[in-house]
Each structure stands twice: as structure tokens, then as C-alpha cells.
Amino acid sequence: MPLPMSVPHGPPGPAAVAVGSTAAAGATAAHVAARPPAYQPVTPALLDELRGIVGPAHVIAGDPEKLEAYSHDEIAEPEYARMPECVVRPGSAAEIAAIMKLANRERVPVTPRGAGSGLSGGAVPVHGGIVLLTDRLNKVLEFDRANLTITVEPGVITNEINPLVREAGLFFAGYPMSLESCSVGGNVAENAGGGKAVKYGVTGRYVTGLELVTPTGEIVTLGGKLSKDVTGYNLIQLMVGSEGTLGIFTKITLKLMPLPKASADLLVLFPSAESAIAAVPRIIAGGGILPTALEFMDRTSFMAACEYLNETLDYQQAGAMLLITVDGATATEVEAAYEAVGEQCLQGGALEVYVADNHTTSERVWKIRRNIAEAFKVRSPRQSLEDIVVPIAAIPAMVTGLLEIARKWDIEIPCYGHAGDGNLHATPVMNPAWTDAEWHDRLPRILEEIFTLTARLGGTLSGEHGIGHKRLAWMPLFCSPAHLEMMRAIKLALDPHLILNPGKIIPPPAA
Ligand SMILES: Cc1cc2nc3c(=O)[nH]c(=O)nc-3n(C[C@H](O)[C@H](O)[C@H](O)COP(=O)(O)OP(=O)(O)OC[C@H]3O[C@@H](n4cnc5c(N)ncnc54)[C@H](O)[C@@H]3O)c2cc1C
């Protein structure tokens with residue numbers, strides 16, 4: 001018997017339109033995501049077959065308390081959660097292939113899950129069925145110094161890579177801020193970006209090889225250890241960022257970079273959010289130095305993180321801060337770089353420029369930046385962490401617009417993020433005087449104003465957290481009907497029964 005679905009099905013806002021309908025089995029291009037096939041429940045007979053594939057110890061079923069942990073990711077709002085019927089923990093690509101064949105035969109949806117740190121509901125099984133956990137695929141398979149690559153299984157925690165390769169003078173540059181709690185498979189599936197993306201780019205830039213299991217249960221190898229490869233369509237980059245909807249990664253080869261010998265962080269104080277953000281294009285375009293990282297924190301954001309960490313920074317009078325990293329081959333080169341960047345900041349109206357050139361001080365300021373999302377989650381579950389991205393030169397207009405929207409609706413919209421990439425985590429937080437019903441009524445309209453402004457400035461919906469099912473309903477604002485049709489056609493070609501992570505990324509076609 002399927003378990004009772006006690007966790008609500010889909011969010012209350014616009015995303016609710018995108019999930020939950022059923023129709024006859026078998027889909028056509030027009031049906032993709034609009035009318036998923038009538039999925040079948042996970043029966044006792046199917047559970048027995050799954051136990052036969054992965055071993056009885058690696059199937060969780062019939063225990064709502066244990067299953068609940070797999071009903072959500074790190075989105076704060078409980079409305080996005082959905083219970084799986086069972087969780088399976090395969091130990092090899094062959095086992096995953098067998099599970100996918102079975103799921104296709106039985107028309108049961110399968111949702112891949114790494115470490116569950118996602119922020120768009122990607123690992124949430126919106127149609128129930130099987131959650132396929134990759135935590136047992138956690139081996140580093142090969143560190144190839146000669147070719148500057150490392151090959152890992154998808155369940156390896158991202159933070160394990162750099163300590164392994166540091167002694168060889170190398171590093172993996174494409175990791176996100178959540179590196180201690182996310183998996184490499186999840187990073188590739190989300191094309192995660194992080195603190196070093198201004199200079200080094202995001203995860204996808206470093207993926208040179210993938211082994212994956214297709215939605216129909218075939219094992220396919222793409223690429224390898226090559227620096228260049230134009231042999232046919234670039235399927236690796238199609239898979240990167242596909243959020244577990246086109247294949248399940250089982251081996252990942254990542255390119256490594258020479259580890260910079262020196263680096264320093266600047267904590268730069270500005271009187272206001274507007275002045276801080278206005279300095280961003282100036283720093284990137286004006287100083288001849290491309291920082292490694294360029295992070296923005298408005299006052300509400302850094303104060304929330306300081307409170308959460310019980311940290312007492314000396315500089316809390318500032319209206320906003322930029323946290324900037326520069327790196328290079330020598331200390332002298334780095335010193336020249338941070339002086340040039342500091343000068344740009346002062347000319348742009350900075351109150352103070354502090355240099356953190358030792359690990360302890362650097363770690364202290366980065367810890368504040370890394371903990372903002374957690375701090376807001378503790379403060380209020382009634383919030384919506386967004387991930388908009390605009391061209392760098394449009395960031396000042398975006399931040400000014402966000403402040404106007406916040407004033408108009410009488411709410412806080414704390415704003416922080418990877419300003420050097422134009423990627424801002426604007427987070428509308430419920431006015432405490434509102435009821436939950438008022439929040440649910442108003443949030444879609446607040447988001448519509450934010451996203452309309454983002455689109456008008458040439459920006460888009462998500463820079464790194466992905467669409468999942470949280471942002472599904474907003475896709476038509478950013479992708480034309482023809483663009484969405486291309487995505488539907490790709491999905492259907494690879495996953496004819498819409499078994500793999502249905503209800504994500506692609507919204508239903510307009511009725
Ligand atoms: C405090 C905090 C800070 C964060 N900072 C950042 C940041 O700086 N940059 C950033 O980009 N993100 C950030 N995130 C979001 C999150 O950590 C990333 O999206 C991360 O890449 C998710 O990895 P995961 O292993 O937790 O994936 P999960 O949440 O388990 O899954 C995410 C998606 O990947 C798919 N997936 C997982 N494994 C596989 C696989 N083997 N094959 C195919 N699909 C798979 C899932 O189906 C799902 O769609 C942050 C999150 C938190 C909570």
C-alpha cells in the first residue's frame with residue numbers, strides 16, 4: 001500500500017498549478033509536465049523487487065518518521081514538502097539501471113537525491129514514488145595528477161575534494177558555499193556556483209566526464225579527461241544543470257586548477273545598499289583586476305547572520321558590505337591587486353576597507369556570509385529565498401527596485417549574494433503583522449513584481465539554485481513558448497514515460 005501523503009502536495013502559490021494532474025498512461029510532447037502519466041503506487045511486490053536489487057537493508061519503507069527526512073530539501077517553507085513512498089540506496093550504476101528499468105515497467109516515479117541541501121525542491125518527490133539516494137556512492141575513484149582530474153562517485157561530499165588534491169598544488173574551483181553539506185552529484189545536477197565563480201566560473205565548467213544512468217535504465221559514458229571535445233552534441237553540458245530530470249550521474253570527472261599561492265579578503269563597508277552595489281560594476285570593469293569572489297550583504301542580512309552566530313563584528317554600523325577575495329601567484333601580486341580593488345571601492349564611496357590576510361580573520365568574515373541563509377531560516381519559515389540573476393551592470397537598478405518593492409509592500413526583502421555574478425538572493429520575509437493567509441495571498445504578487453523587474457533588466461529566474469518545483473510556474477515569464485517546447489521535446493525523447501523526477505523545471509503548456 002502507498003503511504004498516506006500527510007505532507008502537503010505542492011506550494012500554495014503559483015507553483016501549485018504545475019503539479020498533481022493525471023491522465024492516461026503514455027505521453028506526447030504536448031503532455032510533458034502538464035499531464036504526467038497515471039503513476040502507479042509502490043506496491044509490496046515492487047518493494048520486494050527493490051530489496052532484491054539493493055539489499056533489504058537499503059530500502060526504507062512503511063516508516064513515516066524515517067521517510068519524512070526525504071520529503072523536503074533545505075527550502076524553509078513546509079508547503080514544498082512531499083512524502084516519498086519509499087527510499088532506495090543503491091550501491092552501483094548497475095543497481096540504479098535495474099531500478100530505472102523496474103520503475104519504467106511499473107510506471108513509478110523516481111526522484112534522485114544527493115545530500116538534500118537544494119533550495120528549489122529538486123530532490124522532493126512531488127508525485128510520490130521512489131526517492132533514489134546516492135549516499136552509498138561515496139568513493140573518490142581516481143586522482144589523476146598527470147591529467148589534472150579527479151573522478152568521484154556522485155555521493156562524495158564536495159568538501160572532501162580539495163584536501164585530497166591540495167598537496168599536489170591543485171584545487172577544484174567550481175564548488176558552492178554549501179560545500180560541507182552538499183554532494184558532487186547535486187552540484188552537477190544544479191550546475192552549482194559559489195564564492196569563486198566571478199573568476200573561476202561554476203561547476204559545469206569543470207565537468208569533463210560523466211557516467212550516467214538514463215531514465216530508461218541504460219548506462220552511458222560521456223566525455224572523459226579531455227580538455228577539448230566536440231564529438232557530437234555537447235550532452236555533458238545538457239546533463240549539467242538538468243536537476244535529476246534527464247539522467248542519474250554515477251561517476252563524475254572534474255578538471256582541477258593550479259592552486260593560487262596567495263590570496264586575501266577585503267571587507268568593505270558602505271553607507272547604504274545602493275552605494276555598495278553601485279561599486280560592483282566599477283570594481284569589475286574599472287580596476288583591471290578580476291576578483292575571485294565579490295559578495296554583497298545588506299545590513300539586514302549581515303546583522304541576521306551575526307545574531308545567529310553570536311558574532312560581534314566591529315563594523316555593524318555599515319549600511320551594506322562587500323566581501324571581496326583576490327588571489328594570485330605571489331603575495332606581492334595579491335597585495336597590488338587588493339590595493340587596486342580597495343582604491344576602486346574608496347572612489348565608489350566606501351567608508352572603510354579592511355584587509356583580512358590571515359586564515360582566522362578571513363574565516364570569521366566568510367562564516368558570516370555563509371550563514372546568512374541559515375540565519376533567515378531560523379528567524380522565520382515564512383520567507384521566500386530567491387536566486388535572481390541580472391547582467392552585472394544592471395545590479396544597482398535591481399537593488400534599488402527591490403528596496404522600492406519592499407517599501408511598497410511593507411516587508412523586509414533582505415538581499416545578499418554573489419554580486420560579482422549579478423546573482424542576488426533577494427528574500428521576501430513575511431511582515432510579522434500579517435496572517436499566514438495574507439502572506440500566501442500576497443507573496444505571488446510580490447514575486448511577480450520582483451521577477452518582472454528582473455526580466456525587464458535582462459535577467460533570469462535562477463542563477464544557481466535551479467527551478468525544481470518551487471519556481472516552475474514562473475518559467476513562462478523568462479522562457480518563450482518555443483524555448484519551453486524544446487525542453488519538453490528533450491525530456492520526452494530521453495524519458496518517454498516521464499518517470500525521472502517528474503513535476504520539475506518544465507511547466508505545463510498553457511491550456
Ligand atoms: C546554506 C546553504 C548555502 C548554499 N549555497 C549555495 C551556493 O553558494 N551555490 C549554489 O549553487 N547552491 C547553494 N546552495 C544550494 C545547494 O547546496 C546546491 O544546490 C547543491 O548543489 C545541492 O547538492 P545536494 O547534493 O544537496 O543535492 P540535492 O538537494 O539532494 O538535489 C539537488 C538536485 O540534484 C539532483 N541530483 C542529486 N544527485 C543527483 C545525481 N547523482 N544525478 C542526477 N541528479 C541528481 C536532485 O534530483 C535534485 O534535483 C546552498 C544551500 C544551503 C542550504
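In the block above lies the structure referred to throughout.
Figured I'd write up the structure that's included with this text. Note that the structure is a prediction, hence the values are computed from the model and not measured. (Residues numbered from 1 in each chain as written. Predicted model: local features only at pLDDT ≥ 70, side-chain atom pairs only at ≥ 80, totals over all residues. Heavy atoms only, no water.)

Counting secondary structure elements, the protein contains 16 helices and 18 strands. Taken over the C-alpha trace, the protein has a radius of gyration of 23 Å; the compact-globule value for 511 residues is 24 Å, and the two agree within 12%. In terms of overall dimensions, the protein has C-alpha extents of about 70 × 60 × 45 Å along its principal axes. Classification of the 511 residues of the protein by burial places 56% in the buried group. Both charge centroids of the protein, one from 40 positive and one from 54 negative side chains, sit 4 Å from each other. (Helix = DSSP H or I, 4+ residues; strand = E, 2+ residues; numbered from the N terminus. Rg over C-alpha atoms; globule rule 2.2 N^0.38 Å. Buried < 20%, exposed > 50% of the residue type's maximum accessible area, 1.4 Å probe, protein only. Lys, Arg positive; Asp, Glu negative; His and termini not counted. Charge placed at Lys NZ, Arg CZ, Asp CG, Glu CD.)

A few words now on the sheet that holds strand β9 (residues 219-223). One open sheet holds the 5 strands; their spatial order is β5-β6-β10-β8-β9, and the pairing between them is antiparallel. The sheet is open, and its two edges are formed by β5 (140-144) and β9, each paired on a single side. For this sheet, the mean inter-axis angle between neighbouring strands, taken without regard to orientation, is 10°. The pairing of strand β8 (residues 207-213) with strand β10 (residues 248-255) spans 6 bridges and is antiparallel. Within β10, the position partnered with L212 by the bridge is F249. Against the sheet, helix α3 (residues 93-106) contacts β8, β9 and β10, and its axis sits at roughly 50° relative to β8. (Pairing = 2+ DSSP bridges. Axes fitted to C-alpha atoms, helices over the stretch in contact; angles between N-to-C directions. Contact = heavy atoms within 4.5 Å.)

All right, on to the sheet that holds strand β15 (residues 352-356) then. Strand order in the open sheet formed by 7 strands is β15-β12-β14-β13-β17-β18-β16, with antiparallel pairing between adjacent strands. If you trace the sheet from one side to the other, it starts and ends with β15 and β16 (388-389), each paired once. Its contacts with the sheet place helix α11 (residues 359-370) against β12 (262-270), β13 (293-298), β14 (320-328), β15 and β17 (416-418), and it is angled at close to 55° to β13.

Time to look at the nonpolar core. Nonpolar side chains tend toward joint burial in soluble globular proteins. Core analysis: the largest hydrophobic core is formed by 58 residues, its most contacted members being F296, L322, I324, L424 and I450. Broken down by secondary-structure element, the contributors of at least two residues to this core are β12, α8 (273-286), β13, β14, α10 (331-347), α13 (395-409), α14 (436-456) and α15 (475-478). In terms of domain composition, this core takes at least three residues from each of domain 3 (262-374) and domain 4 (377-467). The residues contacting I450, other than those within four sequence positions of it, are I388, M398, L402, I405, I413 and P428. (Core = buried A, V, L, I, M, F, W, Y, C linked by side-chain atoms within 4.5 Å. Domains from an automatic or database assignment.)

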